[in-house]
Amino acid sequence: MKKSEFSPNGNTVENLIRQTLAKHAAPVMIIRRSILIRQYKRFRQYLPQVTPYYAIKANPHPDVIKTFVRLGSHFDVASAQEMNLVLGLGAPPQKIIFANTIKSVPDLQMAARKRVSLMTFDNEPELYKIARHAPASRVLVRIKVENIGSVVELSLKFGADPEQAVFLLRKAKALGLQPEGVSFHVGSQCTQIQNYVQALEVTAAVFREAKEEGLTLSILDIGGGFPIRHFDHENHATFETLARTVRTELTRLFDKKTRVIAEPGRFLVGPGGILVTQVIGRTFRNNKNYYYLNDGVYGDFSGIVFDHCKYELKTLRRGQKFLSTVAGPTCDSFDTISLSEELPELDVGSVVYVKNIGAYSSASAVQNFNGFAPAKIVLTD
Ligand SMILES: *Cc1c(COP(=O)(O)O)cnc(C)c1O
């Protein structure tokens, strides 16, 4: 690397990147514990009446999970493997929700064996399965709610019609299960506060209807979706604004005794991750600079595909910017990170990094396509 990229002037993040590259070869995914802790505390501070269950699919790295175990967090898991991972790292079964509405028989048997008794469902066949393989489980019916404007739509695949909710909860009771409440997910990276407001109103109606039918519900699960800033200059509703509205609506619509839980993923880990890559090749074609990085769409940029995410590519270089294409290292032209980035002139060895990329990045990276491993994950304070 050129000396100029190690100049002492620069911000904290750039200094952290320089220090990390002195010890580890790129690509590196730096996860800052202090940011995970800050995000967890921010969640607790702005939604004090809501218990967070960290959705580990966003980033299941053991050190990330351990950080949240130490903070006393609860956890959202979607499979027996995720369940065993968090149990093995010290989370007690009472702090886990099995929040996949479709669970395989062996996974349900594992839940029963490990005493993970809280789970979601959204259909009748699932109830028969739960009653048989994890009897007496405590269940939350997941309802379908509007996902308008959220970056990742989840209601296309999950959620019962709200009109069916009470019927399903009564069915659960008839099968010997414990119907305890309702859950929803407004879609990931939800910046439309209205999605939460509507979902809470629909859920409150389900609570009222259940009560009229002699079923008192005690748990409200508001899911995940809490947004983060992927770009420095982004102007959507902040978590704080959203949290204020959610707080007001919770007080307005629900009994004080209702236990409110949430399943944040992206919000807790996204801001904690910095991906550091290097240019491994460059050319000039189609009238543009082409830079090839040592990480790409099959690796830690997998969020471009699976999370529909866009990232802000940054460099340690200053100077005039030119229209550039940035691609990953594999022999697949689909492995293209951006066709139109404004970047300064870069050389082989130059650093390209991305902030706020801790969620849905390394988690969905392919292990060794074309012989390229994803970034090494390095936890720092
Ligand atoms: C993915 C997922 C989450 C986490 O969503 P975020 O948008 O990352 O907060 C929570 N709950 C369920 C059921 C999920 O599938």
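Residues numbered from 1 in each chain as written. Predicted model: local features only at pLDDT ≥ 70, side-chain atom pairs only at ≥ 80, totals over all residues. Heavy atoms only, no water.

Whenever I open this one, the packing of aromatic side chains confuses me. Can you help?
Aromatic ring pairs: the centre-centre distance and the angle between the two ring planes describe each pair. A full pass over the atoms with the stated rule returns 14 aromatic pairs. Taken together, a centroid distance of 5.2 Å and an interplanar angle of 85° make the contact between Phe 207 and Phe 254 edge-to-face. Within this pair, whereas Phe 207 is found in helix H8 (residues 193-212), its partner Phe 254 is found in the loop between helix H9 (239-253) and strand E9 (259-262), the two being separated by 47 residues in sequence. Judged by its relative accessible area of 10%, Phe 254 falls in the buried class. Geometrically, the ring pair formed by Tyr 290 and Tyr 292 is tilted, given 6.4 Å between the ring centres and 35° between the ring planes. (Phe/Tyr/Trp six-rings, centres within 6.5 Å; stacked < 30°, edge-to-face > 60°. Helix = DSSP H or I, 4+ residues; strand = E, 2+ residues; numbered from the N terminus. Buried < 20%, exposed > 50% of the residue type's maximum accessible area, 1.4 Å probe, protein only.)

Is there a simple way to explain the layout of surface pockets in this structure?
To locate leftover empty space, one rolls a probe as large as a water molecule over the atoms. By volume, the largest pocket amounts to about 670 Å³. Lining the largest pocket are 28 residues, with Lys 57, Leu 154, Phe 158, His 185 and Tyr 360 sitting closest to its centre. Here the residues of the lining of the largest pocket sort into 13 nonpolar, 7 polar and 8 charged. No fewer than three residues from each of domain 1 (3-30 + 270-380) and domain 2 (33-269) sit in the lining of the largest pocket. Phe 207, Lys 211, Leu 217, Asp 255 and Thr 258 are, among the 13 residues lining the second largest pocket, the residues nearest its centre. The element that contributes the greatest number of residues to the lining of the second largest pocket is H8, accounting for 4 residues. Among the residues forming the lining of the second largest pocket, the class breakdown is 6 nonpolar, 3 polar and 4 charged. (1 Å grid on protein atoms, 1.4 Å probe; cavity = no way out; pocket = protein on both sides within 12 Å on 5 of 7 lines; lining within 4 Å. Points joined across faces, edges and corners; volume = space filled by probe spheres on them. Nonpolar A, V, L, I, M, F, W, Y, C, P; charged D, E, K, R; others polar. Domains from an automatic or database assignment.)

Any chance you could explain the domain arrangement of the protein chain here in plain terms?
It is common to report an interface's size as the accessible area lost on association of the parts. What the domain assignment lists for the protein chain is domain 1 (3-30 + 270-380) and domain 2 (33-269). The distance between the C-alpha centroids of domain 1 and domain 2 comes to 33 Å. Facing 21 residues of domain 1, the contacting portion of domain 2 comprises 23 residues. Contact with domain 2 buries area across many residues of domain 1, yet Pro 271, Tyr 360 and Leu 379 alone supply 31% of it, more than any other trio. Across the domain 1-domain 2 interface, the total number found is 3 salt bridges. One salt bridge in this structure joins Asp 232 and Lys 314, with 2.5 Å as the shortest N-O distance. The interface formed by domain 1 and domain 2 holds 10 residue pairs in polar contact (both at pLDDT 80 or more) in total. (Contact = heavy atoms within 4.5 Å. Buried area = accessible area lost by both parts, 1.4 Å probe. Salt bridge = Lys/Arg side-chain N within 4 Å of Asp/Glu carboxyl O. Polar contact = N/O pair within 3.5 Å; in protein donor to acceptor, adjacent residues only side chain to side chain.)

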